[in-house]
Amino acid sequence: METRWLYLSGEELTQMREISHDTCVIPMGCIEKHGTHLPLGTDILKGSEVTYRASQIEPVCVFADFTFGSVPSFPPYRAVGTIHLPLEFQMQMLELLCEEIASHGFRKILVVNSHGGNTMWLNVFASSIIPQKKRNFVFAHTKAPKTAPHLLAQMILEQGSGVHPELTKEDEETLIRLYEMDMKTGHACFFETAYMMGFAPETVHLEKIVPGSGQNLHVSDYFKENEIFVKGGGWGFNYPRAYAGDDPFDCNERIGQAALRVGAEVLAKRIKLFKEDENLYTWTMNGQNGIRNDYVK
Ligand SMILES: [Zn+2]
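Bear in mind the structure is a predicted one, so any value in this text is a computation, not a measurement. (Residues numbered from 1 in each chain as written. Predicted model: local features only at pLDDT ≥ 70, side-chain atom pairs only at ≥ 80, totals over all residues.)

**Here's the deal with the overall build of the chain**
To be explicit about the condition: Each helix is a run of DSSP H or I of at least 4 residues and each strand a run of E of at least 2, with the numbering of both proceeding from the N terminus. Atoms considered for the radius of gyration are the C-alpha atoms alone. The globule rule reads 2.2 Å times the number of residues to the power 0.38. The exposure scheme places C-beta atoms from the backbone and then counts, for each residue, the other C-beta atoms within 10 Å of its own, assigning buried at 20 or more, exposed at 12 or fewer, and partly exposed in between.
When helices and strands are tallied, the chain shows 11 helices and 4 strands. Scaling as 2.2 N^0.38, a compact globule of 297 residues should have a C-alpha radius of gyration of about 19 Å, and the chain matches this with 20 Å. C-alpha extents for the chain along the principal axes are approximately 55 × 50 × 40 Å. Taking all 297 residues of the chain together, 39% fall into the buried category.

What follows is the structure, encoded as structure tokens:
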């Protein structure tokens, strides 16, 4: 079923809105360096793909990608190809987009966030958007589910070999080994590499990874030890390659396909919950009308 706003006619969009219980999801990412082996668009590309796949499991209207996101504008964070836009501008753009989407009858808007750097401002946005003025929609956000290698391995251990039809026996053993060694899977590491390999393997260049270069350099730890907060906890200083974790050399396309399928399944469950929920909308609208606490029995 076609679920994407941009691919629907006006009449089809109206039908999609009914199927979606007035819910619209927006994939969100950013454009930034992802190590030396993944594309600049990794976050929005993978967020868009997993959201679309989830909408094929739990039908929901998918709005156009919110391609940009919060990326610091100064070195060492800002690498070649990174696109920085002022946060105030992005918050205003998201607000205006939500109002436009809501004007077509979508009362519930859910952002699927695929970039960790957006979480903080989305929380601020979510807590500020409703109280400022009366609105006819509610807003929430969720992260693109992280599946490989740990969740995939846990599922094999709990549900048995064969739970992921995409995988060979060797793949299963690899995932369990990585899980048992508690593999670090930060920025541009196994999880993101797997997603990209699952649908755009030609964009992944494992041979360009400098082995071991995703380890924490700890150069800014003295701030943390003294409880001084610096931007992003000093992440960009500790991981100057925008690559954080253990090397994902064991990743392959089969694991990527399983990672994406499970990610879409997890996300579809969250979308279903949000779609079917009316409490958030009722509470919010009652709050706007000044009728507080009427849902407290
Ligand atoms: Zn990323």
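**Things to note about the environment of S48**
As a reminder, the rule being used: Any two residues are considered in contact once their C-beta atoms, placed from the backbone, lie within 7 Å.
Here S48 shows up in helix 2 (residues 42-57). For S48, a count of 25 C-beta atoms within 10 Å translates into the label buried. In sequence terms S48 and L87 are 39 residues apart; their C-alpha atoms lie 21 Å from each other. In this view, S48 contacts P27 and D65; residues no more than four positions away in its chain are not counted.

**Some thoughts on the pairing of strand 3 (residues 108-113)**
What counts is decided by this rule: A pair of strands is treated as paired once DSSP finds two or more bridges between them.
Most of strand 3 sits inside the fold, with 6 of its 6 residues counted as buried. Bridge analysis of strand 1 (residues 23-28) against strand 3 gives 6 bridges, and the strand direction is parallel. The residue bridging M28 from the neighbouring strand is N113, located in strand 3. In this sheet, strand 4 (residues 138-143) lies alongside strand 3 in parallel orientation, the contact comprising 6 bridges. Opposite V112, over in strand 4, you have T142 as the bridge partner.

**Some words on the sheet that holds strand 2 (residues 61-62)**
Let me state the cut-off plainly: Inter-axis angles, ranging from 0 to 180 degrees, are taken between N-to-C directions of lines fitted to C-alpha atoms, where helices are fitted over the stretch in contact.
Judged by pairing direction, the sheet is parallel, and its 4 strands sit side by side in the order 2-1-3-4 without closing on themselves. Each edge of the open sheet is held by one strand with a lone partner, namely strand 2 and strand 4. Across the sheet, helix 2 is in contact with strand 1, strand 2 and strand 3; its angle to strand 1 comes to roughly 155 degrees. Contacting strand 1, strand 3 and strand 4, helix 10 (residues 253-276) crosses the sheet at an angle of about 160 degrees to strand 3.

**Examining helix 7 (residues 190-199)**
Of all 10 residues making up helix 7, 9 are buried, and the element is well covered by its neighbours. For helix 7, the full list of buried residues reads F190, F191, E192, T193, A194, Y195, M196, M197 and G198. In this structure, the buried residues of helix 7 make contact with helix 2 and helix 10.

**Regarding the environment of Q56**
Structurally, Q56 can be placed in helix 2. C-alpha of Q56 to C-alpha of E265: the two residues are 209 residues apart in sequence and 9.7 Å apart in space.

**A closer look at unusual backbone geometry**
Generally, phi is negative for residues other than glycine and the peptide bonds are trans, each holding for most cases. Looking along the chain, the bond that leaves A148 and enters P149 is cis, with omega of 0 degrees. Along the polypeptide, P149 turns up in the loop between strand 4 and helix 5 (150-159). Non-glycine residue H21 carries a positive phi angle of around 55 degrees. Within the secondary structure, H21 sits in the loop between helix 1 (10-19) and strand 1. For H21, a count of 18 C-beta atoms within 10 Å translates into the label partly exposed.

**Let's talk about the packing of helix 2 against helix 7**
As a reminder, the rule being used: Put simply, a crossing is left-handed when the front helix is turned counterclockwise from the back one by less than a right angle, and right-handed when it is turned clockwise.
Two elements in contact, helix 2 and helix 7, have axes separated by 10 Å at closest approach and are oriented at 60 degrees. For the crossing formed where helix 2 meets helix 7, the hand is left-handed. Within the contact between the two elements, helix 2 uses T42, K46, E49 and V50 and helix 7 uses E192, Y195, M196 and F199.

**A word on the pairing of strand 1**
This is how the line gets drawn: A clockwise path from the first strand over the helix to the second, with the strands pointing away from the viewer, defines a right-handed crossover.
The element strand 1 is extensively covered by neighbouring structure, given that 6 of its 6 residues are classed as buried. Neither face of strand 1 is exposed, since T23, V25 and P27 on one face and C24, I26 and M28 on the opposite face are all buried. In this structure, strand 1 lies alongside strand 2, joined through 2 bridges in parallel fashion. In the sheet register, V25 faces strand 2, and the bridge partner there is V62. Between strand 1 and its parallel partner strand 2, the chain crosses via helix 2, and the hand of that crossover is right-handed.

**Regarding the environment of D246**
Along the chain, D246 falls in the loop between helix 9 (235-238) and helix 10. Along the chain, D246 and G214 lie 32 residues apart, while their C-alpha atoms are 6.2 Å from each other. Once residues lying within four places of it in the same chain are set aside, the contact partners of D246 are M183, K184, C189 and G214.

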